[in-house]
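Now for the letters of each chain:
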Amino acid sequence: MLSNNPGPIGIFDSGYGGLTILHGIRQLLPQYDYLYLGDNARAPYGPRSFDVVYEFTRQAVVKLFEMGCHLVILGCNTASAKALRTIQQHDLPKIDPNRRVLGIIRPTTEIIGSLTSSRHVGVLATEGTIKSESYTIEIQKFHPDITVSGVACPFWVPLVEYNEADSPGADYFVKKNIDQIMRLDPQIDTIILGCTHYPLLMPKILKYLPAGVRVIPQGEYVADSLKSYLERHPQMEQKCSQNASVHYLTTENPDKFREQAQIFLHSPIDVETITLG
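Summary of the structure given here. (Residues numbered from 1 in each chain as written. Predicted model: local features only at pLDDT ≥ 70, side-chain atom pairs only at ≥ 80, totals over all residues. Heavy atoms only, no water.)

Here we come to the pairing of strand β5 (residues 120-125). On a regular strand, one side chain projects to one face of the sheet and the next to the other, so that they alternate. By the criterion of burial, β5 is predominantly enclosed, with six of the six residues buried. Residues H120, G122 and L124 point to one face of β5 and V121, V123 and A125 to the other, with burial holding for every one of them. Bridging between β5 and strand β6 (residues 147-152) involves six bridges; their strand directions are parallel. Following the sheet pairing, H120 is matched in β6 by T147. Relative to strand β7 (residues 190-193), β5 is paired through four bridges, and the arrangement is parallel. (Buried < 20%, exposed > 50% of the residue type's maximum accessible area, 1.4 Å probe, protein only. Helix = DSSP H or I, 4+ residues; strand = E, 2+ residues; numbered from the N terminus. Pairing = 2+ DSSP bridges.)

Glancing now at the state of the cysteines. One covalent bond between the sulfur atoms of two cysteine residues makes up a disulfide. Per the stated rule, a full pass over the model turns up zero disulfides. Just so you know, C240 is unpaired, no disulfide at all, and the nearest cysteine sulfur is the one on C69, 8.8 Å from it. Looking at C240, the relative accessible area reads 4%, which means it is buried. (Disulfide = S-S within 2.5 Å.)

A few words on the pairing of strand β9 (residues 246-250). Where strand β2 (residues 34-38) and β9 come together, five bridges link them in parallel fashion. From the neighbouring strand, G38 faces β9, where its bridge partner is T250. Relative to strand β10 (residues 271-273), β9 runs parallel, the two being bridged by three bridges. Bridge pairing links T250 to T273 in β10.

The topology assignment puts F50 in helix α2 (residues 50-66). The exposure class of F50 is partly exposed, given its relative accessible area of 43%. Separated by 78 residues in sequence, F50 and G128 have C-alpha atoms that sit 8.7 Å apart. Dropping the residues within four chain positions of it, F50 is found in contact with A81, K82 and S132. (Contact = heavy atoms within 4.5 Å.)

Let us now look at the pattern of salt bridges. Scanning the model with the defined rule gives 13 salt bridges in all. One salt bridge in this structure joins D145 and R119, with 2.8 Å as the shortest N-O distance. With D145 in the loop between α7 (134-142) and β6 and R119 in the loop between α5 (106-111) and β5, the pair connects residues that are 26 residues apart, well separated along the chain. The partner of K175 in a salt bridge is D179, with the nearest N and O atoms 2.7 Å apart. (Salt bridge = Lys/Arg side-chain N within 4 Å of Asp/Glu carboxyl O.)

Position of D91 relative to the elements: it lies in helix α4 (residues 84-95). Taking relative accessible area as the criterion, D91 reaches 6% and is therefore assigned buried. Taking the C-alpha atoms as reference points, D91 and V62, 29 residues apart in sequence, are found 9.6 Å from one another. When neighbours within four sequence positions are excluded, D91 is seen to be in contact with Y54, R58 and T86. Only 3.4 Å separates the side chain of D91 from the side chain of H90, close enough to count as a polar contact. (Polar contact = N/O pair within 3.5 Å; in protein donor to acceptor, adjacent residues only side chain to side chain.)

In this description, a pair of aromatic rings is defined by centroid distance and the angle of the planes. Under the counting rule described, the total for this entry stands at 10 aromatic pairs. Each ring, one from Y172 and one from F173, has its centre 5.0 Å from the other, and the planes form 80°; the classification is edge-to-face. Ring pairs connect the aromatic residues Y16, Y36, Y248, F257 and F264, which therefore count as one cluster. Here R42 stacks its cationic end above the ring of F56, 3.6 Å away from the centre of that ring. A cation over a ring is seen here: R99 above F65, with NZ or CZ 5.6 Å from the ring centre. (Phe/Tyr/Trp six-rings, centres within 6.5 Å; stacked < 30°, edge-to-face > 60°. Lys NZ or Arg CZ within 6 Å of the ring centre and 35° of its normal.)

Everything listed is a geometric property; what it means functionally is a separate question.
Below, the structure is given as structure tokens:
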């Protein structure tokens, strides 16, 4: 039986990248309680099939609901691309029609029209997100005049997770993928970072980005969108507890999670191990 008492806002990611989303949200909305769940034992989700990503994501959402969350943010582009719609349309009516699950693709795609002048936009993301064409579909839903080009960057996530973001290898792969997307469409003036790990490569990205091209990390846009959502849905806002706390859960070794989280958060944390499935 799910509790109706106010509870934390849940943030789910397949790994650590969602910590950049959590950080962006807490910068804007520090008063709420947050429960972060990383399915690190089964990461990465990027290369997995739609069915597997959906099932893993559904298990995580149910766990966060059971732990008191009324609202869950999928702080993972792959989960947002491959699982969000099915969970919203198929699972929520059966689990609890008053609970909500939101993704992180829509906030950026809604706002992108005001950020591009050339109406040519690039997306750098994981293989799974690029193959899903979620960014293209969402952007053209809101802005049919925008041309979207996407490039998968399979080495960017390992560079971050192995703490190699400052290495010469990072220079090589970042330059390679930026050159690749600019060759695809030289008119691109705005690039979306469609993976939550990628902001940690920002110094390298800015180094190799052509002059006049802006880069859009998701954190601040997701935070703005959540703030707007809570203002527009006071009944949900009242179900989000406000003690300015954050708790971390992982399906992996907690020592490894603590070590990796330092890369993203630059501060020590406590973490609890749980099992999904």
